[in-house]
Amino acid sequence: MARLTPWTAAAAAAAALFSRPLAAQDWRGPVRGSWVRADEQARPGDAVLAVPGGGCEIVVGAGEPSAVRQAARFLAGDIERISGHRPPILAAPDGRRLPIRLATLGGGAAPPPALDAARLAGRWEAYEVRAAPDAVWLVGSDFRGTAYASYTLSERLGIDPLYLWTGYASVRHATLVLAGGDRFFDSPTFRFRGFFHDDEDILPRPFDAEGYPLQTGTVPKIWYERFFETALRLRLNMVAPYVRVQRPFEIQQMASDWGLFYTSHHYDILLSNPWGFARFGLAAVRHAGAQWDWFKNREGMMAFWRGGVLENRGLDCIWPVGLRGTQDAAYAFPPGTGIETKLRAYRDAIDAQIGLTKALLPAGRTPFFHFTLYTEMLDLYRQGRLDVPGDVIIVWPDDNDGIMRALPEHPDRWKHGVYYHLAYYTRYLYPTKQVTHTVSPMRIADQFRHIVDAGATEYMLVNVTELREYAMEARMLAEISWDAKGTLDGPAAADRYLRWWSREYFGGGAADQAAEAYRRFYSLLDGADKIWSGSTRVQEALTGLGEKLRGEHVSPLEPPDALESLQQRQRAFEQAFAVIAGAEGMMTADERRYFFENLTLGLLIDYRQTAAALLLARAMAEPDPAETKRLCFRAMDELSRLEEDLRRAERPPFEGWYRKTWIKSDESPSNVHRSYEHLRRFLAEHYPGG
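Residues numbered from 1 in each chain as written. Predicted model: local features only at pLDDT ≥ 70, side-chain atom pairs only at ≥ 80, totals over all residues. Heavy atoms only, no water.

Ile100, Trp305 and Phe448 are the most contacted members of the largest nonpolar core, which has 191 residues in total. If we ignore the near neighbours within four places in the chain, the residues touching Ile100 are Leu49, Cys56, Glu57, Ile58, Val59, Leu75, Ile79, Val136, Leu138 and Leu153. (Core = buried A, V, L, I, M, F, W, Y, C linked by side-chain atoms within 4.5 Å. Buried < 20%, exposed > 50% of the residue type's maximum accessible area, 1.4 Å probe, protein only. Contact = heavy atoms within 4.5 Å.)

On to the pairing of strand S9 (residues 181-185), then. The buried fraction of S9 is high, at five of five residues. The two faces of S9 match: Gly181, Arg183 and Phe185 on one face and Asp182 and Phe184 on the other face are all buried. Bridging between strand S6 (residues 127-132) and S9 involves five bridges; their strand directions are antiparallel. Bridging across to S9, Val129 finds its partner in Arg183. (Helix = DSSP H or I, 4+ residues; strand = E, 2+ residues; numbered from the N terminus. Pairing = 2+ DSSP bridges.)

For the rest of this paragraph, the subject is the sheet that holds strand S8 (residues 176-178). Strand order in the open sheet formed by three strands is S2-S1-S8, with antiparallel pairing between adjacent strands. Bordering the open sheet on either side are strand S2 (54-55) and S8, each of which pairs with just one other strand.

It is worth spelling out empty space enclosed by the protein at this point. Any space left empty among the atoms is revealed by the rolling of a water-sized probe across them. Tallied over the entire structure, the rule returns three cavities of 30 Å³ or more. The computed volume of the largest cavity comes to approximately 80 Å³. In terms of lining residues, the largest cavity is bounded by Trp165, Val435, Thr436, His437, Arg468, Glu469, Tyr594, Glu597, Asn598 and Tyr658. By residue number, the principal contributor to the lining of the largest cavity is helix H19 (residues 589-621), which donates three residues. (1 Å grid on protein atoms, 1.4 Å probe; cavity = no way out; pocket = protein on both sides within 12 Å on 5 of 7 lines; lining within 4 Å. Points joined across faces, edges and corners; volume = space filled by probe spheres on them.)

Turning next to the environment of Leu601. When you line up the elements, Leu601 lands in helix H19. The buried category is assigned to Leu601, whose relative accessible area is 0%. Between the alpha carbons of Leu601 and His686 there is a distance of 31 Å; along the sequence they are 85 residues apart. Excluding anything up to four places from it in sequence, Leu601 contacts Phe596, Asp645, Leu646, Ala649 and Tyr658.

Applying the stated rule across the entire model yields 51 aromatic pairs. When the ring of Tyr168 is compared with that of Tyr505, the centres are 5.4 Å apart and the planes differ by 55°; the resulting orientation is tilted. One end of the pair, Tyr168, is in the loop between helix H4 (163-166) and S8; the other, Tyr505, is in helix H15 (residues 493-506), and 337 residues separate them in sequence. Neither residue differs from the other here; Tyr168 and Tyr505 are each classed as buried. A network of ring pairs unites the aromatic residues Phe74, Tyr151, Trp165, Trp223, Tyr224, Phe227, Phe228, Tyr242, Trp258, Phe654 and Trp657 as a single cluster. If you follow Arg233 out to its NZ or CZ, it ends over the ring of Phe74, 5.3 Å from the centre. Lying across the ring of Phe304, Arg286 places its NZ or CZ 4.6 Å from the centre. (Phe/Tyr/Trp six-rings, centres within 6.5 Å; stacked < 30°, edge-to-face > 60°. Lys NZ or Arg CZ within 6 Å of the ring centre and 35° of its normal.)

Cis peptide bonds are those with omega within 30 degrees of zero, and the linkage from Glu558 to Pro559 qualifies with 0°. Turning to its location among the elements, Pro559 is positioned in the loop between helix H17 (533-549) and helix H18 (562-584). The linkage connecting Pro652 with the following residue, Pro653, adopts the cis geometry, with an omega of 0°. The topology assignment puts Pro653 in the loop between helix H20 (625-648) and helix H21 (675-686).

It is worth spelling out the sheet that holds strand S13 (residues 318-320) at this point. Reading across from one edge, S12-S11-S10-S17-S16-S15-S14-S13 is the order of the eight strands in this open sheet, with parallel pairing throughout. Single-partner strands in this sheet number two, and they are strand S12 (261-262) and S13. Sheet topology places strand S14 (residues 368-372) next to strand S15 (residues 392-397); four bridges connect them, and they run parallel. The partner of Phe371 across the bridge, within S15, is Ile394. Running at roughly 165° to strand S16 (residues 416-421), helix H12 (residues 441-453) makes contact with S16 and strand S17 (459-463) of the sheet. (Axes fitted to C-alpha atoms, helices over the stretch in contact; angles between N-to-C directions.)

Okay, the confidence of the model for the protein chain next. Mean pLDDT over the protein chain: 90, with 90% of residues reaching 70 or higher. Low pLDDT, under 50, characterises residues 1-20; the predicted model gives this stretch 44 contacts beyond four residues in sequence or across chains. (pLDDT = per-residue confidence, 0-100.)

Right, let's get into the pattern of salt bridges. All told, the structure shown has 55 salt bridges when counted by the stated rule. Here Asp160 makes a salt bridge to Arg32, at a shortest N to O gap of 3.9 Å. On the criterion of sequence distance, the pair formed by Asp160 in the loop between helix H3 (143-157) and H4 and Arg32 in the loop between helix H1 (9-14) and strand S1 (47-51) is long-range, its members being 128 residues apart. Arg32 carries the same exposure label as Asp160, and that label is buried. (Salt bridge = Lys/Arg side-chain N within 4 Å of Asp/Glu carboxyl O.)

In structure tokens, the structure reads:
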């Protein structure tokens, strides 16, 4: 279904300029399939990868690491999806087919004769893609660079790097022709770049009695495979899998084997899984005692952290350091502990953790450490009171809604990075970010300009929870983290991304209206609270209706202009849906499906509840009891439609995606923003039997 752009004469002429670095993506032209001859006719200098009945081979030398071999396996499958021919993976060319050769500089394989090795030597994750009639070379400055060359080729042949979430299929080419040329991609802007898959998810795993994901359960392995593959196709090099679950070692091993640095967040010190200190019996296994107390059980805590290092020391890791509780909360000091004592404890613990790790890692394995300035640490650090060793990356947090709380003000002896949220879960206020995205490309572009200007580019971890709802902005962040200059160039970077995304995923004919629909989406859902603003009004209206039906004084909606605001919001929704309808009229069926999932559904969640709130507000003021009842049931009809909207998005492999959780629960009394259940119970109480 992807729309491919032929390699034009202008692009062929530009191949002469490929000796300079290319942006991973600058949002100025098509990407998916853009190196393929759409007419399937080879020109001089091209590489023919597949013809009916046969095609190329993939060559990976015996000395290449597992990450390169994994990339080769994905590439073989990708070429098969596009052409029907699955290339064999060999250790050396057999001389009978065109080879695609994956080779790491200095890794033992002879590079192409014309390779300018100086262009790659000593760089971090840089790579070159060279296509010619006799061979295609994918050469990396290091093994991750080689793997990224392969993932880049897959996308440029027609594979959507987000296909696991978008469902997009590649365009088929019985004769698959790769346009010739030499394409060089320089090192990324951010050294460590990755996704944090938070625990408050809606994955199909067990749930507890309140509808919360079971925190002693296990996320199925297939989901980790999907997360890791997506990260690699977006040229990320780091992943932080779930923390509040059982954590099989094979998941960590798989991440490292595939080429991803394995890390974790705030309280998962030295990847030791403090969540499992008592819950999973890890304290007993590691002979760590029973108290999480740095003053009374220092040796026990050291033993617990040692267990994390011993478990993971054979992997590529970035080790969190610090002193926190056994879950995502500040360390509980004894009452009355003075600030100086706390500061010494923080530094003593970090020094001990660094020393422990360095002592236990195998020879030749470089340790990387990071320390996140979570809430209780940020002010202390900015005041200069919190001392951190110089070989620790300082990680600055946002406000959980995509706006940085602070950034380094001047260069110093530390390297700096950021912890950023696209998704944030709050159990008690607005459980919203599990259902749609509210951090806009405009906010991302603005904030990452500040981040890059501040030099906080050593590390970038972005919370995407289960990823599906945040794929659009996750891709934007992945590309900014690879090439901030190319992507953020000029004042209209965010709008350029919106227009590019709309063309790339919904076709040229629909692009303008699709981009306008996204602008309206972010205008209506410009904060986490907005997704449930209509639901809040439903609760308020039900309070007033209950008072009315009991013959009590009716509490009006507040503030005084609440009804007018609801009406204005409903009109804005309807205008947005008109734009959406225009865009959908120029899309294929598959494009319309993903457009619904990524954009329309998020609007419908609040629109249905806004419409219900307006009907209930009318019922509050209606003197006729029969009409009051009719308006209440019409409101229920609106919310029932939302149930159908959610089910529409539960296509494979997302069956049951919005089932019993804090977003969509059965009877959870804690979920004060679940208007469907509240109205259903209201009708059963006041209008039994309908």
